[in-house]
Amino acid sequence: MVKKMTTQSLWENIVKSAIEKKYFQETAIDNLLRPLIPIKYMDGILVLETTNNFAPQVLNHRYQKKLNEIAKEFDKNFLSMKFVVAGKSEEARAKDIYYAEIEQTASKIKKNVSFSHPINRQYTFDEFIETYENRLVAASARGIANAPGKIQNYNPFFIYGKSGVGKTHIIHAIANEIAKNKPETNVILMSGTEFYRSYSAHLNRKAYYDFENIFQKANIIIFDNIDELAGKDEAQIELYKIFNMFHQQKRQMVITASCAPAELINIHERIITRLQWGLVVKLDMQNQETRAAILVNMAQKSKIKLSNEEVAYIVDNCSENIHELQGIIANIAVSTSINKTIMIQDAIQDALQNKRLEPIKGYFPPKTILNTICSYYKIDLKELKSKSRIAHIAYARRVAAYFLKKHTPLSLHSIGAELGGKNHSTILHSIKEVKNKIANDDKFSKELKDISDILVRS
């Protein structure tokens, strides 16, 4: 019989393992881990207290993932850690309790669904910064969380956008809201990769019906990054069957991907068709005001005062990725905490240098992209937009399609119009060809990097 871990013994084992296996630097262990005081371990949540106001953010951002992995070695029922600051206000403590209750409820739901991914209690609707860019996504997600499966036009709910724009936050917010208001609801939250691994594992154990029964018991299924199933035909066939079952029984499906359904590569056409049956919305942060609002919110939580000029400078010099913004704020918080005399401007410079970010000024006008391509390949704009199939012109046209897709919000149809009326499938094929060539041709990759540099300077 396995001895049940106490709060103190679990934390002591975690720290001991981290030291023995040298997972972290000694300074991190001495300054961040050793001072933590284990307060409570309940329903898989380990609560640790610190006197350092900035420690929770640094621990969450840099160390929690590895600490969670270590903890699971000692207790298979472990879910996550929570870091709280000693001496917090009653309001702040009440908020911590609220989040802990959500996570504990989510852990109970997880016990009813064999391989549901742990729900991140920090990703709630209250913590999601709404702007005009993402208002449709947030409003639709709230509606689904309040009445999963009841709004047929929202089923499936397909969210797409590149990494770091908030897709994961939204789907966890849906799961958190359901956990809070409908704790009896069975939720499956998993990535495409997790779905494939679970399906394969059940097949290998000759326990397919166990796998099938799990989905039959679920009320809502949330798939993160469905594009991870690309090329995995057997798993896609299984997904197709599950999709049909959920749709016929009016059970809710929420799905995310890096691109729109029509642009998914190596996904069965019949699945792509079904993904477009419900609501399809794009989530991005191409607008600087959106990134600025998110940055200001992060800074306020870390008690960092930034001027409007400093906010604008950071936003101008980082990409459209929430995680990079979090990293920058974490770096500033650490610098100002350790060195009380450092100027905020110097801390910002250090943070940006540490991230080694390439400045991205946002999206470029189609006209700028087309003129840059024509200049680089020494062809006329009329030639680029013509029906000519001469090799060097067709080559430049494919590159132009790729850059228009990457640096503008244009649809494939609109990109085709910019290139002289080319159809949707031609543009999609051109983009796929360029992506494949990037993966296999270093010289070509450098060529595109040169074009990108010209665009940044334009």
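Just so you know, the residues in each chain are numbered from 1, in the order the chain's sequence is written. Predicted model: local features are reported for residues with pLDDT of at least 70 only, side-chain atom pairs are reported and counted for 80 or more only, and whole-chain, interface and lining totals are derived from all residues. Excluding hydrogens and water, the side-chain figures rest on all heavy atoms present in the structure.

Note on conventions: DSSP H or I runs of at least 4 residues are helices, E runs of at least 2 residues are strands, and numbering of each starts at the N terminus. In this fold, Gln 276 is placed in the loop between helix H10 (269-275) and strand S8 (279-282). Of the residues examined, Gln 276 reaches a relative accessible area of 42% and is grouped as partly exposed. A sequence separation of 15 residues divides Gln 276 from Pro 261, and the C-alpha atoms of the two residues are 6.7 Å apart. Relative accessibility under 20% of the residue-type maximum defines a buried residue, over 50% an exposed one, and the middle range a partly exposed one, all with a 1.4 Å probe and only protein chains included.

Okay, the packing of helix H1 (residues 7-20) against helix H3 (residues 55-74) next. The interhelical angle for the contact between H1 and H3, taken along N-to-C directions, is 120°, at an axis separation of 9 Å. Our classification of the angle between H1 and H3 gives oblique. Along this stretch, H1 crosses H3, giving a crossing that reads as right-handed. Of H3, the residues touching H1 (which contributes Leu 10, Asn 13, Ile 14, Ser 17 and Ala 18) are Leu 67, Ile 70, Ala 71, Glu 73 and Phe 74. Looking at side-chain class alone, the contact of H1 with H3 contains seven nonpolar, two polar and one charged residues. Axis lines are fitted to C-alpha atoms, over the contacting stretch for helices. Their N-to-C directions set the angle, which ranges from 0 to 180 degrees. We call two directions roughly parallel when the angle between them is under 35 degrees, roughly antiparallel when it is over 145, roughly perpendicular when it lies between 65 and 115, and oblique otherwise. Crossing handedness is defined as follows: a turn of the near helix away from the far one that is anticlockwise and smaller than a right angle gives a left-handed crossing, while the clockwise case is right-handed. Whether two residues are in contact is decided by their heavy atoms, any of which lying within 4.5 Å being enough. Residues were grouped as follows: Ala, Val, Leu, Ile, Met, Phe, Trp, Tyr, Cys and Pro as nonpolar; Asp, Glu, Lys and Arg as charged; and all remaining residues, including Gly, as polar.

Let us now look at helix H7 (residues 192-204). With 13 residues, H7 ought to run about 18 Å at 1.5 Å a step, and its terminal C-alpha atoms sit 18 Å apart, in line with that. Residues of H7 that are buried include every one of Gly 192, Phe 195, Ser 198, Tyr 199 and His 202, and no others. Here the buried residues of H7 occupy an arc of 130° about the axis, which is enough to place them on one side. In H7, the exposed residues that point more than 90 degrees away from the buried face are Arg 197 and Asn 204. Where H7 is buried, its residues meet strand S5 (187-191), helix H8 (208-217), strand S6 (220-224) and helix H9 (233-248). Immediately beyond the C-terminal end of H7, within one or two residues, lies Lys 206, with a positive phi of roughly 55°. One fewer than the residue count of a helix, multiplied by 1.5 Å, yields its expected span. Relevant arc is that of directions from the helix axis to the C-beta atoms, nothing else.

What follows concerns the sheet that holds strand S4 (residues 157-160). Here, any two strands with at least 2 DSSP bridges between them count as paired. Reading across from one edge, S5-S6-S7-S4-S8 is the order of the five strands in this open sheet, with parallel pairing throughout. Both outer strands of the open sheet, S5 and S8, are each paired with one neighbouring strand and no more. Sheet twist, expressed as the mean angle between neighbouring strand axes with direction ignored, is 10°. Against the sheet, helix H6 (residues 167-181) engages S4, S5, S6 and strand S7 (252-257), with an angle of about 160° to S6.

With that settled, the discussion passes to empty space enclosed by the protein. Residues are called lining when one of their atoms sits within 4 Å of a cavity or pocket point, these points coming from a 1 Å grid over the protein atoms alone, where a cavity is a set in which a 1.4 Å probe fits but cannot get out and a pocket is an open set with protein on both sides within 12 Å along at least five of seven lines. Grid points are joined across faces, edges and corners, and a volume is the space filled by probe spheres set on the points. All told, the structure shown has three cavities of 30 Å³ or more when counted by the stated rule. For the second largest cavity, the calculated volume is near 40 Å³. In terms of lining, the second largest cavity is formed by Ile 226, Leu 239, Tyr 240, Phe 243, Ile 255, Ile 271, Arg 274 and Leu 275. Elements that contribute at least two residues to the lining of the second largest cavity include exactly H9 and H10. Grouping the amino acids of the lining of the second largest cavity by side-chain chemistry returns seven nonpolar, no polar and one charged.

Let us look at the pattern of salt bridges. Throughout this description, the term salt bridge denotes a Lys or Arg side-chain nitrogen within 4 Å of a carboxyl oxygen of Asp or Glu. Enumeration according to the criterion identifies ten salt bridges in this entry. Arg 398 is paired through a salt bridge with Glu 433; the nearest N and O atoms lie 3.1 Å apart. Taken together, the residues span a long stretch of sequence, with Arg 398 in helix H17 (residues 391-407) and Glu 433 in helix H19 (residues 424-440) at a distance of 35 residues. Of the residues examined, Arg 398 reaches a relative accessible area of 26% and is grouped as partly exposed. One salt bridge connects Lys 437 with Asp 441, and the closest N-O pair in it is separated by 3.3 Å. We classify Lys 437 as partly exposed; its relative accessible area is 32%. Taking the relative accessible area as the measure of exposure, Asp 441 reaches 23% and is therefore partly exposed.

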